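Residue-level structure breakdown
This is what each chain is made of:
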Amino acid sequence: MAIVTPVETRPGERRRLAIASPATGEPLGEIEVANAADVAAAVEAARKAQPAWAGLSFRERARVMKRAISTLIERQDEFVDVVLAESGKTRGEALAMEIFAGCDALSYWSKHAERILRPEKVRLHGMLRLAKKARIHYRPLGVVGVICPWNGPFILGLNPAVQALMAGNAVLVKPSEVTPRSGALVAELFEAAGLPEGLLQVLTGDGETGAALVEAGVDKISFTGSVETGRKVAEACARKLIPCTLELGGKDPMIVCADADLDNAAGGALAGAFMNTGQYCCGTERVYVVDEVADAFVEKVVARAAELRQGSSGEFDVGAIVWPRQLEIIEDHVRDALERGATVRVGGRRNPDLEGLFYEPTVLTDVTHDMKIMRDETFGPVLPIMRVRDEEEALARANDTSYGLAANVWTRDVGRGQELAGRIVAGSVGINDMTMTYGAPETPFGGRKESGVGAVNGESGLRSFCHAQPVFVDRFGGKQTAGTYPHSVKKDEGLKRVIRFLWAGPLSRWLS
Ligand code: NAD
């Protein structure tokens, strides 16, 4: 069952793709693949619109965001239906991940952008401050390209777009070809909110459109997707000498300590592994449980996982896999694990009772670190649990990965949790929690190692949509610089005496 199928087109026509629902196979229409000329035209329109937007006050920009919140609330069912049709997730997941988080992002950034981006007075150090004063201004970059994956098809376009817009930029969003209509909702939302034309445009298409966007002369790329594509985007951005933020894949570990509340930990493991059918960048992809509580923990997880209901209509807990390519990866990882000695405790196969792309919520034990399921990103509803000697082994295993997106630790001793968090190489860590990663706009979200470069969210994330420009003012109207020439031996000797006087003795501390 293909979810994205190329449509035959005549020479000279834009390529087209037919999209279908992963849950039902129902055709959802066609999209045109925007080509380099389309992208260039969009960049031109964005460039024209951006200066007037940058000239508005934060309050005026925030007004548009507030209208967008009202629209999102009014039209939430309509938006959710589009997301559900393309992604096959549950209604609750779409409401929480896309609508709730969307309102939160719009509300948070419209309230806090001004505080974070207002010009900052800098107290210059040492003698400098006697002669100069400085302020840092956060100038918009210009036109920002946002390239999105399919797993949070609306929010992962909306959230960076809101930040870029509040910082005074124009934005071009390129949704995934698997979920193009959900991505296009970002443009619909801002159009309804009265955002001036050209400031936020959506370019539908596949990798061709994404690659064209990177090459089109934009001022930054905010990319969310796989490591493989992220590397290509980074290389292209390096050639263009433009900044990029890369939010990439993960293999998030969960550590269950001997003193953990096992009921809560089992609940956290289930949510971590099966939320969004496991297609969640910060989903729990592997669990390390300390030997003395391993049996009790596994028993609780297995019992609860076996009760999860999978489906596409009515009430259900776990939805579909978004496209066949992902289903093949999941099947490959489970097959590899079973060949190497893993045991299926729940699931372990496509759901035979459902017609679309469904893989049963799966729990594996007896896994080892040479299995793909413990090393490569699975991005599906599979929870492999490994028994370890102690927390030190859990930590070593957790860090034995090329990824570093997020991690979570379960213990009643929060101090011990903090200590372990400090030794886990991951972008963010939850203690008795696995939800607060992308969800807190005030904290930077970004990966370490191959999980990414830079951050979205937090002050640093918002500021990454700006150039931090220091502006210096000479307190004496430029008199000092005016006397630069001519150079002379006498002046050089004088400068040497000053250097010695200032930094050879105790004065240097005061000057720094
Ligand atoms: P992907 O890398 O296949 O595609 C992402 C986007 O890049 C799509 O819009 C695609 O059309 C576009 N693209 C493809 N080739 C391109 C090219 N050469 N130049 C520019 N753009 C190109 O990723 P995916 O399969 O859509 O998404 C799943 C991945 O995203 C997983 O690895 C997941 O962990 C990751 N992800 C990460 C985060 C995070 O915040 N760290 C969030 C969500 C998803």
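See the structure above.
Residues numbered from 1 in each chain as written. Predicted model: local features only at pLDDT ≥ 70, side-chain atom pairs only at ≥ 80, totals over all residues. Heavy atoms only, no water.

Re the packing of aromatic side chains
Counted under the stated rule, the structure contains four aromatic pairs. Measuring from ring centre to ring centre gives 4.9 Å for Tyr 108 and Trp 109, while their planes differ by 90°; the resulting arrangement is edge-to-face. Residue Tyr 108 is classed as buried on the basis of its relative accessible area of 13%. With a relative accessible area of 0%, Trp 109 lands in the buried category. (Phe/Tyr/Trp six-rings, centres within 6.5 Å; stacked < 30°, edge-to-face > 60°. Buried < 20%, exposed > 50% of the residue type's maximum accessible area, 1.4 Å probe, protein only.)

Quick look at the sheet that holds strand β15 (residues 382-388)
An order of β13-β14-β15-β12-β11-β16-β17 is seen for the seven strands of this open sheet, with the pairing classed as mixed. Looking at strand neighbours, the two that pair on one side only are β13 (343-346) and β17 (428-431), the edges of this open sheet. Neighbour-to-neighbour, the strand axes of this sheet turn through a mean angle of 25°, independent of strand direction. Lying over the sheet, helix α14 (residues 391-399) contacts β11 (252-256), β12 (284-290) and β15, oriented at roughly 160° with respect to β12. Against the sheet, helix α15 (residues 414-423) makes contact with β16 (406-410) and β17, and its axis sits at roughly 165° relative to β17, the strand it touches most. (Pairing = 2+ DSSP bridges. Helix = DSSP H or I, 4+ residues; strand = E, 2+ residues; numbered from the N terminus. Axes fitted to C-alpha atoms, helices over the stretch in contact; angles between N-to-C directions. Contact = heavy atoms within 4.5 Å.)

What about the sheet that holds strand β8 (residues 200-202)?
Pairing is mixed across the open sheet formed by six strands, whose spatial order is β8-β7-β6-β9-β10-β18. Both outer strands of the open sheet, β8 and β18 (452-453), are each paired with one neighbouring strand and no more. By the bridge criterion, three bridges tie strand β7 (residues 170-174) to β8 in an arrangement that is parallel. Directly across from Val 171, in β8, lies its bridge partner Leu 200. Set on the sheet, helix α8 (residues 207-215) makes contact with β6 (143-147), β7 and β9 (220-224); between it and β6 the angle comes to about 155°.

Section: helix α6 (residues 155-166)
Relative to the 16 Å expected for 12 residues at 1.5 Å per residue, α6 spans 16 Å between its end C-alpha atoms, a close match to the ideal helical length. The buried fraction of α6 amounts to 12 of the 12 residues, a majority that puts the element mostly inside the structure. Along α6, the residues that are buried comprise Ile 155, Leu 156, Gly 157, Leu 158, Asn 159, Pro 160, Ala 161, Val 162, Gln 163, Ala 164, Leu 165 and Met 166. With its phi angle positive at about 100°, Gly 168 sits one or two positions after the end of α6. (Expected span 1.5 Å × (residues − 1).)

Points about the site of the ligand
Near the ligand lie 29 residues; those nearest to it are Lys 174, Glu 177, Ser 226, Thr 229 and Glu 377. A distance of 3.3 Å separates an oxygen atom of the ligand from a polar backbone atom of Gly 225. Separating a nitrogen atom of the ligand from a backbone N or O atom of Leu 248 is a distance of 2.7 Å. In isolation the ligand exposes 860 Å². Once the protein is present, 90% of that is buried. Residue composition of the shell around the ligand, grouped by class: 14 nonpolar, nine polar and six charged. (Near = heavy atom within 4 Å. Polar contact = N/O pair within 3.5 Å; in protein donor to acceptor, adjacent residues only side chain to side chain. Areas by Shrake-Rupley, 256 points an atom, 1.4 Å probe, with all protein chains shown as cover. Nonpolar A, V, L, I, M, F, W, Y, C, P; charged D, E, K, R; others polar.)

A short note on the pattern of salt bridges
In total, this model carries 42 salt bridges according to the counting rule given. One salt bridge connects Glu 13 with Arg 10, and the closest N-O pair in it is separated by 3.7 Å. Of the residues examined, Glu 13 reaches a relative accessible area of 37% and is grouped as partly exposed. You can call Arg 10 exposed: its relative accessible area is 61%. The residue Glu 493 makes a salt bridge to Lys 496 at a minimum N-O spacing of 3.7 Å. Of this pair, Glu 493 and Lys 496 both sit in helix α18 (residues 489-503), separated by three residues, roughly a single helical turn. Taking the relative accessible area as the measure of exposure, Glu 493 reaches 36% and is therefore partly exposed. Through salt bridges that share partners, Glu 391, Glu 392, Arg 416, Glu 419 and Arg 423 make up one connected network. (Salt bridge = Lys/Arg side-chain N within 4 Å of Asp/Glu carboxyl O.)

Some remarks on helix α4 (residues 91-117)
Three or four residues apart is the spacing at which side chains of an α-helix point the same way, because the helix has 3.6 residues per turn. For α4, which comprises 27 residues, the first-to-last C-alpha distance of 36 Å matches the rise-based estimate of 39 Å (1.5 Å per residue) to within 8%. For α4, the principal kink sits at Lys 111 and spans about 35°. (Bend = angle between axes of the 7 residues up to and from the residue.)

Things to note about the side chain of Arg 61
One can find Arg 61 in helix α2 (residues 58-74). Buried within the structure, Arg 61 lacks any salt-bridge partner; Glu 60 is the closest side chain of opposite charge, at an N-O distance of 7.3 Å. Residue contacts for Arg 61: discarding those within four places in its chain leaves Trp 53, Ala 54, Leu 56, Leu 165, Met 166, Ala 167 and Gly 168. (Lys, Arg positive; Asp, Glu negative; His and termini not counted.)

As for the packing of α6 against helix α7 (residues 180-192)
With their axes 9 Å apart at the nearest point, α6 and α7 run at an angle of 45° to one another. With respect to α7, the axis of α6 lies oblique. Seen from above, α6 lies across α7 with right-handed handedness. Contact residues: α6 offers Gly 157, Leu 158, Val 162 and Leu 165, while α7 offers Val 186, Leu 189 and Phe 190. Across the contact of α6 with α7, the residue classes tally to six nonpolar, one polar and no charged. (Parallel < 35°, antiparallel > 145°, perpendicular 65-115°, else oblique. Left-handed = near helix turned anticlockwise from the far one by under 90°.)

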